[in-house]
Amino acid sequence: GQNIDQPTEMTATEGAIVQINCTYQTSGFNGLFWYQQHAGEAPTFLSYNVLDGLEEKGRFSSFLSRSKGYSYLLLKELQMKDSASYLCAVRPKAAGNKLTFGGGTRVLVKP
Amino acid sequence: EAQVTQNPRYLITVTGKKLTVTCSQNMNHEYMSWYRQDPGLGLRQIYYSMNVEVTDKGDVPEGYKVSRKEKRNFPLILESPSPNQTSLYFCASSYAGGGETQYFGPGTRLLVL
C-alpha cells in the first residue's frame, strides 16, 4: 500500500523558518514532489527530488533521504503570503506520472 | 498562455442526474489526470490517461468514467452522481516522462444533493 504522512498544521512567525516533514512508505519510489496550495486554489509546483540531498530554490529548499523514506520542505524568511497548504507527493512508478499525495500541511504565518 | 482549464467551476446538482466536467490543456501534454480533494484525505487520483485512447483507474475510480479522444481534452463523467461525490475536483496534465511537474486546473467544486 501507499502511506504518506505529514503534520496537519504548523504555525510560524513572519521572518522565521519552518520545516515541514514528510515520511513515506510506498510500493515504489521514483521521485518526490512538493506543491503549494492556497485555500480554494490549484496546487502549484515547488520542488522535485529524486536523489538524496538538498535542493535549494530561493527561500524554499527540499531534502530527501530515500533510505529513511523521508523528506522535508524548508521555508526561510517566512512571508504572510506563504500561509498555505503544502502537499508532499510521491511518484511510485517509473512509468507514467502517477502521484500519490499526503494529506497536506497547513502553514499559518503570523505577524 | 500555457494552462489547464476546467468547466464548470461550480456545480450544484441532484442525485442521479448525469453530469460531465470538462478539462482541456494547451501544452500538448501526453499525461492527464483527475483528482478529488476532500478535507483530511488530501488529493486522491480518480483516473489518468497516458495518451489518446489510453486510460486507467486511479485510487478511487468508482462512480466515475473518463474518455480521451483528443490529446487536449479529458472529460470526467459522473453517470449517476451521489452525495458522497460532493468534492473539489482537479484536472492535471504533464509530459509523460519522469519528474515532469503536473499542472493543475483551477478546480471544480461539486455539490450533489
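What you are looking at is a predicted structure, and each value in this text was computed from that prediction instead of being measured.

Novice: Got a minute to help me understand the packing of aromatic side chains in this structure?
Specialist: Residue and element names in this part refer to chain B. All chains considered together, the criterion is met by 16 aromatic pairs over all chains. Ring geometry for Y35 and F104: centres 5.7 Å apart, planes at 40°, overall tilted. With Y35 in strand β4 (residues 31-38) and F104 in strand β10 (residues 103-104), this residue pair connects regions lying 69 residues apart in the sequence. Residue Y35 shares its accessibility class with F104, and that shared class is buried.

Novice: What exactly am I supposed to notice about the state of the cysteines here?
Specialist: Here a disulfide denotes a covalent bond joining the sulfur atom of one cysteine to the sulfur atom of another. Evaluated as defined, the whole model comprises 2 disulfides over all chains. The disulfide partner of C22 of chain A is C88 of chain A, and the gap between their sulfur atoms is 2.0 Å. Judged by the sign of its S-S torsion, about -70°, the cystine formed by C22 of chain A and C88 of chain A is left-handed. Of this pair, C22 of chain A sits in strand β3 (residues 18-25) while C88 of chain A sits in strand β9 (residues 84-90); the two residues are 66 residues apart in sequence, bridging distant segments of the chain. Of the residues examined, C22 of chain A reaches a relative accessible area of 0% and is grouped as buried. For C88 of chain A, a relative accessible area of 0% puts it in the buried group. Two residues, C23 of chain B and C91 of chain B, share a disulfide whose sulfurs are 1.8 Å apart. Sign of the S-S torsion, about -70° for the bond between C23 of chain B and C91 of chain B, identifies this disulfide as left-handed. Taken together, the positions of C23 of chain B in strand β3 (residues 19-25) and C91 of chain B in strand β9 (residues 87-94) put the pair 68 residues apart, joining distant regions of the chain. Judged by its relative accessible area of 0%, C91 of chain B is buried.

Novice: Just checking my understanding: could you explain the interface of chain B and chain A for this structure?
Specialist: Interfaces are often sized by the accessible area lost when the parts come together. Taken together, the contact between chain B and chain A spans 22 residues of the former and 17 residues of the latter. Together, the buried faces of chain B and chain A total about 1,600 Å²; carbon and sulfur atoms form 52% of this surface. At the junction of chain B and chain A, the tally comes to 1 salt bridge. With a shortest N-O distance of 3.2 Å, K98 of chain A and D59 of chain B are connected by a salt bridge. Across the chain B-chain A interface, the total number found is 6 residue pairs in polar contact (both at pLDDT 80 or more).

Novice: Sorry, what's going on with the sheet that holds strand β1 (residues 3-5) of chain A here?
Specialist: Whenever strands of a sheet pair, they do so through backbone hydrogen bonds, lying parallel or antiparallel. All names here are of chain A. Spatially, the 5 strands line up as an open sheet ordered β1-β3-β8-β7-β6, and their pairing is antiparallel. Here the strands that pair on one side only, and so sit at the sheet edges, are β1 and β6 (53-57). Ignoring which end each strand starts from, the neighbouring axes of this sheet average 15° apart. Relative to β3, β1 is paired through 3 bridges, and the arrangement is antiparallel. In the strand pairing of β3, N3 is matched with Q25.

Novice: Mind showing me how you'd approach the nonpolar core here?
Specialist: Note that soluble globular proteins tend to have their nonpolar side chains buried in a common cluster. Formed by 20 residues in total, the largest nonpolar core has its most connected members in I20, L32, W34, L73, L75 and Y86 of chain A. Those elements that place two or more of their residues in this core are β3, β4 (32-37), β7 (60-65), β8 (70-75), β9 and β11 (105-110) of chain A. Excluding its chain neighbours within four sequence positions, the residues that come into contact with L32 of chain A are C22, Y24, S47, Y48, N49, L64, S71, C88, A89 and V90 of chain A. Of all hydrophobic cores here, the second largest spans 19 residues; its members include V4, M27, V60 and Y64 of chain B.

Each value, and the rule that gives it
- Residues numbered from 1 in each chain as written.
- Chains lettered and ligands numbered in written order.
- Predicted model: local features only at pLDDT ≥ 70, side-chain atom pairs only at ≥ 80, totals over all residues.
- Heavy atoms only, no water.
- Phe/Tyr/Trp six-rings, centres within 6.5 Å; stacked < 30°, edge-to-face > 60°.
- Helix = DSSP H or I, 4+ residues; strand = E, 2+ residues; numbered from the N terminus.
- Buried < 20%, exposed > 50% of the residue type's maximum accessible area, 1.4 Å probe, protein only.
- Disulfide = S-S within 2.5 Å.
- Contact = heavy atoms within 4.5 Å.
- Buried area = accessible area lost by both parts, 1.4 Å probe.
- Salt bridge = Lys/Arg side-chain N within 4 Å of Asp/Glu carboxyl O.
- Polar contact = N/O pair within 3.5 Å; in protein donor to acceptor, adjacent residues only side chain to side chain.
- Pairing = 2+ DSSP bridges.
- Axes fitted to C-alpha atoms, helices over the stretch in contact; angles between N-to-C directions.
- Core = buried A, V, L, I, M, F, W, Y, C linked by side-chain atoms within 4.5 Å.

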